[in-house]
Amino acid sequence: DVKVTQSSRYLVKRTGEKVFLECVQDMDHENMFWYRQDPGLGLRLIYFSYDVKMKEKGDIPEGYSVSREKKERFSLILESASTNQTSMYLCASSLSIFYTEAFFGQGTRLTVV
Amino acid sequence: AQSVTQLDSQVPVFEEAPVELRCNYSSSVSVYLFWYVQYPNQGLQLLLKYLSGSTLVESINGFEAEFNKSQTSFHLRKPSVHISDTAEYFCAVTPPSGGSYIPTFGRGTSLIVHP
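An account of the accompanying structure is given in this report. Just so it is clear, the model here is predicted, and its values are computed rather than measured. (Residues numbered from 1 in each chain as written. Chains lettered and ligands numbered in written order. Predicted model: local features only at pLDDT ≥ 70, side-chain atom pairs only at ≥ 80, totals over all residues. Heavy atoms only, no water.)

Remarks on the side chain of Gln6 of chain A
Residues and elements named next belong to chain A. Selection rule: Strands here are runs of E lasting at least two residues and helices are runs of H or I lasting at least four, both read from the DSSP assignment and numbered beginning at the N terminus. Residue exposure (1.4 Å probe, protein chains only): buried if accessible area is under 20% of the type maximum, exposed if over 50%, otherwise partly exposed. Residue contacts follow a heavy-atom distance rule, with two residues in contact if any of their heavy atoms lie within 4.5 Å.
Mapped onto the elements, Gln6 comes out in strand S1 (residues 4–6). Exposure remark for Gln6: the relative accessible area of 2% places this residue in the buried category. Once residues within four sequence positions are removed from consideration, Gln6 is found in contact with Glu22, Trp34, Tyr89, Leu90, Cys91, Gly105, Gln106, Gly107 and Thr108.

Written out as structure tokens, the structure is:
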């Protein structure tokens, strides 16, 4: 089975902290995604990557950056956390440009206080 | 560009009753269609998908969805729901190949099954 693992289920951080959310997939997928999920807004794409060291902005990239140094790992970085970044963060991966489905991690619920 | 509309944000239903969760999409090209399910405090997992062929697709736990090209819909149905079906359901679309392969998700429908 494909496994996408997010490093933390729950995080509490202070305003202004630099926050790293880590995601690892074990199926050699080319594409990886970071989404933010908020009630009533569904999933919003923050960043995605289609190859090592390649990244593209999604719909809401402001306040975030990403890093993909190895194919299996995709990190989301909150440069200076703010309370409006309190949310559920979901990482996903898919095989290639011939997309058939995405595999999701279990999510990280981040609270910024 | 494509978009997905899930018409109901919340659907309450009694156990063993039938349910339909609605999904409509708009796209200038043909699309692949997906339903994902998210149980409480978990990530999303694929429920079923339509890529080509028969327009009626089924999942292993009794859900089915029918692709209707003329109505640009992909509604999800189950003839008799169980308490364990309580979850958030997301419809998604993506072009089959070329261009953007990024899935577009609907806002989700919360299915609440009452005993």
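Topic: the interface of chain B and chain A
Defined as follows: By definition, a salt bridge exists where a carboxyl oxygen of Asp or Glu is found within 4 Å of a side-chain nitrogen of Lys or Arg. Any pair of nitrogen or oxygen atoms within 3.5 Å is treated as a polar contact; in protein, a donor-acceptor pairing is required on top of that, and neighbouring residues in sequence qualify only through side-chain atoms on both sides.
Each partner contributes to the interface: chain B provides 21 residues, whereas chain A provides 23 residues. Where chain B packs against chain A, one counts 1 salt bridge. For the salt bridge of Lys49 of chain B with Glu101 of chain A, the shortest nitrogen-to-oxygen distance reads 3.3 Å. Our count for the chain B to chain A interface comes out at 6 residue pairs in polar contact (both at pLDDT 80 or more). For the side of chain B that touches chain A, the secondary structure elements donating two or more residues are strand S5 (32–38), strand S6 (45–50) and strand S10 (87–94) of chain B. A total of 4 residues in the side of chain B that touches chain A trace back to one element, the largest contributor, which is S5 of chain B.

Observations concerning the state of the cysteines
The criterion, for reference: The disulfide definition used here is simple: a pair of cysteine sulfur atoms within 2.5 Å.
If you walk through the whole model with that rule in mind, you get 2 disulfides over all chains. The disulfide bridge from Cys23 of chain A ends at Cys91 of chain A, spanning 1.9 Å between sulfur atoms. Because the torsion about its S-S bond is -75 degrees, the bridge between Cys23 of chain A and Cys91 of chain A counts as left-handed. In this pair, Cys23 of chain A sits in strand S3 (residues 19–25) while Cys91 of chain A sits in strand S9 (residues 87–94), placing the two residues 68 residues apart along the sequence. Each member of the pair, Cys23 of chain A together with Cys91 of chain A, is buried. Each sulfur in the disulfide pair Cys23 of chain B and Cys91 of chain B lies 2.0 Å from the other.

Section: the nonpolar core
The condition that has to hold: Buried residues of nine kinds, namely Ala, Val, Leu, Ile, Met, Phe, Trp, Tyr and Cys, make up a nonpolar core once their side-chain atoms join them within 4.5 Å.
The biggest cluster of nonpolar side chains holds 29 residues, and the ones touching the most others in it are Trp35, Leu48, Phe74, Leu76 and Tyr89 of chain B. For this core, the leading source of residues is S10 of chain B, giving 4 residues. Residues in contact with Leu48 of chain B, not counting those within four places in the same chain, are Leu33, Phe34, Trp35, Val57, Glu58, Ser59, Phe63, Glu64, Ala65, Phe74 and Leu76 of chain B. In this structure, Leu11, Val19, Val66 and Tyr89 of chain A belong to the second largest nonpolar core, which totals 20 residues.

Observations regarding the sheet that holds strand S8 (residues 73–78) of chain A
Whether parallel or antiparallel, the strands of a sheet pair through hydrogen bonds between backbone atoms. All names here are of chain A. As a reminder, the rule being used: Note on pairing: DSSP must find at least two bridges between two strands before they are called paired. Angular values range over 0 to 180 degrees, each being the angle between N-to-C directions of two axes fitted as lines to C-alpha atoms, with helices fitted over their stretch in contact.
Strand order in the open sheet formed by 4 strands is S1-S3-S8-S7, and the pairing between neighbours is antiparallel. The open sheet is flanked by S1 and strand S7 (64–70), the only strands paired with a single partner. Between one strand and the next, the sheet's axes are offset by a mean angle of 20 degrees, whatever the strand orientation. Summarising the sheet, S1 and S3 pair through 3 bridges and their orientation is antiparallel.

A closer look at the environment of Thr109 of chain B
Residues and elements named next belong to chain B. Its location among the elements puts Thr109 in strand S12 (residues 109–114). Sequence separation between Thr109 and Leu21 is 88 residues, and the spatial gap between their C-alpha atoms is 7.2 Å. When near neighbours in sequence (up to four residues on either side) are disregarded, Thr109 contacts Gln6, Asp8, Ser9, Gln10, Val11, Leu21, Ala87, Glu88 and Tyr89. Among the polar contacts made by the side chain of Thr109, one reaches the side chain of Gln6 at a distance of 3.2 Å.

Notes on the pairing of S10 of chain B
All names here are of chain B. Along S10, 7 of the 8 residues are buried, which leaves the element largely enclosed by surrounding structure. For S5 and S10, the ladder comprises 7 bridges, and the chain directions are antiparallel. Bridge pairing in S10 links Leu33 to Val93. As judged from the 3 bridges shared by S10 and S12, these two strands associate in the antiparallel manner. Bridge pairing links Tyr89 to Thr109 in S12.

Some details on the pattern of salt bridges
Residue and element names in this part refer to chain A. Here the structure, examined in full by the defined rule, presents 9 salt bridges over all chains. Residue Asp38 pairs with Arg36 through a salt bridge whose shortest N-O separation is 2.8 Å. Look at Asp38 and you get buried, because its relative accessible area is 11%. Note on Arg36: relative accessible area 10%, which makes it buried. Where Arg44 meets Asp38, a salt bridge forms, and the shortest distance between an N and an O atom there is 2.8 Å. Judged by its relative accessible area of 25%, Arg44 falls in the partly exposed class. Where salt bridges share partners, they join Arg36, Asp38 and Arg44 into one cluster.

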